[in-house]
Amino acid sequence: MPVLRHKPNALGALSTNVRLTVFGAVVAAAAALLPVASASAAEPGVGGYTDPSYASACTFHRYGEGETPPLSLFAADPLCVEYAKRDITVTNGGAARFLLAEPARFAIAVPACRYWQLDHWSVQAAAGGTELVGWDGSYWFDKAEGSAAARVRNITVAGQPARAEDAAKVIRPYDARLADALVRDAAGVTVRLPVSGLC
């Protein structure tokens, strides 16, 4: 199982400390944002993942690397977004663009009554280089129904299909919460939320 510190050739000429610091920051940001549904859960899930009941009403707003949605999306109901997060790269600034975009993306999601996010993650040292870790995510919540769900799939490690447990081994030294979330969400999780009177 490749671990970041054992892959010096794949990581190019950057110092180990810089690479580990950037990778750690990206992993920490992902840990805060990956389990959008489960992070606000009132109780653990019952059953696996299903798409939201409002799926047929969704018009997805798609955003590229480091791109932030406009504030006008606050009015969308349901709010359905898809983010490319495949250029989380140390050498070309992709990791920095990712870190700068995430707070605005998170701020758009929090006030929504019905929210569904699809995203596509890839972390690598250099543009065009082998993925250290990658996955596709689907996370949604419905504050009116008091429900939420999360799922990750298409997990890769070192550019190869992998189990969630394999990706967790790579990530765990940087953030145990994200490692645990990947394993949990790979199976799919459904949770109950407090119902919001504002929705």
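The structure under discussion appears in the preceding block.
Notes on the structure follow. (Residues numbered from 1 in each chain as written. Predicted model: local features only at pLDDT ≥ 70, side-chain atom pairs only at ≥ 80, totals over all residues. Heavy atoms only, no water.)

### Quick word on the pattern of salt bridges
Item 1. One pass over the structure, following the stated rule, counts eight salt bridges.
Item 2. A salt bridge links Arg-163 to Glu-165, with the shortest nitrogen-to-oxygen separation between them at 3.8 Å.
Item 3. Each of Arg-163, Glu-165 and Asp-166 takes part in one network of salt bridges that share partners. (Salt bridge = Lys/Arg side-chain N within 4 Å of Asp/Glu carboxyl O.)

### Quick word on the packing of helix α4 (residues 164-171) against helix α5 (residues 176-186)
Item 1. Between α4 and α5, whose axes approach to 8 Å, the crossing angle comes to 170 degrees. Put simply, α4 runs roughly antiparallel to α5. Counted together, Ala-164, Glu-165, Ala-167, Ala-168 and Ile-171 of α4 and Leu-178, Ala-179, Leu-182, Val-183 and Ala-186 of α5 form the full contact between these two elements.
Item 2. For the contact of α4 with α5, the per-class residue count stands at nine nonpolar, no polar and one charged. (Axes fitted to C-alpha atoms, helices over the stretch in contact; angles between N-to-C directions. Helix = DSSP H or I, 4+ residues; strand = E, 2+ residues; numbered from the N terminus. Parallel < 35°, antiparallel > 145°, perpendicular 65-115°, else oblique. Contact = heavy atoms within 4.5 Å. Nonpolar A, V, L, I, M, F, W, Y, C, P; charged D, E, K, R; others polar.)

### Considering the packing of aromatic side chains
Item 1. Evaluation of the coordinates by the stated rule reveals five aromatic pairs.
Item 2. A ring pair is formed by Tyr-115 and Phe-141, whose centres lie 5.4 Å apart and whose planes are at 25 degrees; its orientation type is stacked. Pair noted here: Tyr-115 is in strand β3 (residues 114-124) and Phe-141 is in strand β4 (residues 131-142), with a separation of 26 residues, a long-range link.
Item 3. Judged by its relative accessible area of 1%, Tyr-115 falls in the buried class.
Item 4. Plain terms: the ring middles of Trp-121 and Trp-135 are 5.0 Å apart, the flat faces sit at 25 degrees to each other, and that makes the pair stacked. One end of the pair, Trp-121, is in strand β3; the other, Trp-135, is in strand β4, and 14 residues separate them in sequence. Of the two residues examined, Trp-121 and Trp-135, each falls in the buried class. (Phe/Tyr/Trp six-rings, centres within 6.5 Å; stacked < 30°, edge-to-face > 60°. Buried < 20%, exposed > 50% of the residue type's maximum accessible area, 1.4 Å probe, protein only.)

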